[in-house]
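Okay, here's what each chain looks like letter by letter:
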Number of protein chains: 2
Amino acid sequence: MDNIHIGLLIFPRMTQLDMTGPFEVFARIPNATVHLIWKRIEPVVCDTGLSLQPTTTLSGCPKLDVICIPGGPGQIDLMEDADVIGFVRRQGEQARYVTSVCTGALVLGAAGLLRGYKAATHWASMDNLAYFGAQAVKTRVCIDRNRITGGGVTAGIDFGLVLASKLTDTATAEKIQLYMEYNPEPPFNSGSPDSAPPAVLAAFNEMAKGMLTRRKEVTLRASKQMDGFEKK
Amino acid sequence: MDNIHIGLLIFPRMTQLDMTGPFEVFARIPNATVHLIWKRIEPVVCDTGLSLQPTTTLSGCPKLDVICIPGGPGQIDLMEDADVIGFVRRQGEQARYVTSVCTGALVLGAAGLLRGYKAATHWASMDNLAYFGAQAVKTRVCIDRNRITGGGVTAGIDFGLVLASKLTDTATAEKIQLYMEYNPEPPFNSGSPDSAPPAVLAAFNEMAKGMLTRRKEVTLRASKQMDGFEKK
């Protein structure tokens, strides 16, 4: 079997679990090479302080079979970063699967890769997708042709297993699930805005307000830039 | 509120998601400082190739309120590593919570910290716990007094949320769960040996045989050493 090149973009102030969840799955796919891609080969510091080491750069990265963009507060700046958006578009136009976890979907969107597609993202940023011509779908893993987008953070594990089954077969994905003992039992019922206690949801919204406002502003600007980017 | 020091041991050939799952939770606990601890401040390479950067050392680490040991193939060597076992015992004897994810429980066991306690670990290594005087419990998160041990790999997320609620309160843990959109929907039903298709379970056991045999051998030796370690 041919080697499968899977590339995950990593970047400052990303949410590390958006990446490390699916990474654990991808790295266990037979014949897969997983690349961690950033501008320079120097550690990027996640929103929670974890350092991650890139393995390749935007210019050094081989042609990818799968491109995957994680999310987190740091994705806001990426939507207006011409180097990143150019890289994502070039790779996305030729990849077998164009994918994201959490608000990484908005980077795909800014690169014009979700126009006319259904997509998922973190629940609190779902309404940003429409600016990029995508149809938001409130689902944990959204599959529309070769676009596969996961919901927020931990949805990356579900997404990773779905993608693993497509790249290999169901039995291989099930074996990885068994290794990872992915048999979840959340101790609380607060994993979505529909189930969270109203006071918890209100506290979250208050905490995230500044970030969500800025994300919306940049999404709006990036969506106006989208055609400009595309002419390059 | 006082600062809470949470220390996660990291080590070569660990399974990164054992650590990065609970890390995502811990780092979002108000007033928590999360330490990544290894012998030297140089990257450790996980079993899947991911590099992780320690933030402190065995000798430089402050007194921990929580000590947490992740698992993975690399934990086998730790069970006979006097420096690591000494560190885990010293910290464990004074910590508020002594915890693990996956086969990290066997490192707690080798340090004598699970004798007379109920504990969980990765399903495929569950029978090793008895060598260290622990009572294996087939559960996702096992709480026995101040010992809190998670099952395999992804159980670290459930474990992390349970611990967060104990260190703070339920509403804080629920807010973190909401941020992480931890509302899991595994695409397959293969997360435990009870649910996995028999052929998948057989393939896993065949793949893991060598590692599991070596783990059992070292567990046996380490359990005989346990009293020797304790006299130091």
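Please read all numbers here as calculations on a predicted model, not as lab measurements.

A. Structural view of the interface of chain B and chain A. Facing 60 residues of chain B, the contacting portion of chain A comprises 60 residues. Carbon and sulfur atoms make up 66% of the surface buried where chain B meets chain A, a total of about 5200 Å² over both sides. Among the residues of chain B in contact with chain A, L178(B), Y179(B) and E181(B) are the three that bury the most area, contributing 15% of the side total. Here chain B and chain A share two salt bridges between them. For D47(B), the salt bridge goes to R28(A), with nearest N and O atoms at 3.0 Å. Linking chain B with chain A are 35 residue pairs in polar contact (both at pLDDT 80 or more). Going through the elements one at a time, α1 (16-26), β4 (51-52), α5 (155-167), α6 (170-179) and α7 (198-231) of chain B are the ones with two or more residues in the side of chain B that touches chain A. Ranked by the residues each element gives to the side of chain B that touches chain A, the list is headed by α6(B), at eight residues. Looking at the side of chain B that touches chain A residue by residue, the classes come out as 31 nonpolar, 20 polar and nine charged.

B. Broad picture of the side chain of T48(A). Here T48(A) shows up in the loop between β3 (44-45) and β4 (51-52). In this structure T48(A) comes out as buried when scored by relative accessible area, which is 17%. Setting aside anything within four residues of it in sequence, one finds T48(A) in contact with Q16(A), F23(B), E24(B), A27(B) and R28(B).

C. Fine view of the packing of helix α1 (residues 16-26) of chain A against α1(B). Direction vectors running N to C along α1(A) and α1(B) enclose 155°, while the axes themselves pass 10 Å from each other. In terms of orientation, α1(A) and α1(B) fall into the roughly antiparallel class. As for the relative orientation of α1(A) and α1(B), their crossing is left-handed in sense. Residues Q16(A), L17(A), T20(A), G21(A), F23(A) and E24(A) of α1(A) pack against Q16(B), L17(B), T20(B), G21(B), F23(B) and E24(B) of α1(B).

D. Fine view of the pattern of salt bridges. Under the counting rule described, the total for this entry stands at 22 salt bridges over all chains. Between R40(B) and E42(B) there is a salt bridge, and its shortest N-O distance comes to 3.3 Å. With relative accessibility at 41%, the residue R40(B) sits in the partly exposed group. Each of E24(A), R28(A) and D47(B) takes part in a single network of salt bridges with overlapping partners.

E. Structural context of the pairing of strand β2 (residues 32-38) of chain B. Residues and elements named next belong to chain B. Within β2, five of the seven residues are buried, which leaves it mostly tucked inside the rest of the structure. Two elements, strand β1 (residues 4-9) and β2, share six bridges in a ladder whose sense is parallel. Residue G7 lies in a different strand from β2, and its bridge partner there is H35.

Conventions we followed
- Throughout this document, residue positions are counted from 1 along each chain, in the order its sequence is written.
- Here chains are named by letter from A upward and ligands by number from 1 upward, in the order in which they appear as written.
- With pLDDT at 70 or above as the cut-off, local features in this predicted model cover only qualifying residues; side-chain atom pairs require 80 or more to be listed or tallied, and sums for whole chains, interfaces and linings still use all residues.
- Side-chain metrics rest on all non-hydrogen atoms present in the structure, leaving aside hydrogens and water.
- Contact definition: two residues touch when any of their heavy atoms are within 4.5 Å.
- Put simply, buried area is how much 1.4 Å-probe accessible surface two parts lose in total, over both of them, once they are put together.
- For this analysis, a salt bridge means a side-chain nitrogen from Lys or Arg found within 4 Å of a carboxyl oxygen belonging to Asp or Glu.
- For this analysis, a polar contact is any N or O atom pair within 3.5 Å, provided that within protein one partner can donate a hydrogen and the other can accept it, and provided that sequence-adjacent residues contribute only side-chain to side-chain pairs.
- Helix and strand assignments follow DSSP, with helices taken as H or I runs no shorter than four residues and strands as E runs no shorter than two, numbered in order from the N terminus.
- Under the convention adopted here, Pro, Cys and the residues Ala, Val, Leu, Ile, Met, Phe, Trp and Tyr are nonpolar, Asp, Glu, Lys and Arg are charged, and Gly plus all remaining residues are polar.
- Per-residue accessibility, obtained with a 1.4 Å probe over protein chains only, is compared with the maximum for each type, and a residue is labelled buried under 20%, exposed over 50%, and partly exposed between these values.
- Helix axes use the C-alpha atoms of the stretch in contact, all axes being lines fitted to C-alpha atoms, and the angles between their N-to-C directions lie in the range 0 to 180 degrees.
- The cut-offs work like this: below 35 degrees is roughly parallel, past 145 is roughly antiparallel, 65 to 115 is roughly perpendicular, and the gaps in between are oblique.
- Should the near helix be turned anticlockwise from the far one by less than a right angle, the crossing is termed left-handed; should it be turned clockwise, right-handed.
- At least two bridges found by DSSP between two strands is the condition for calling them paired.

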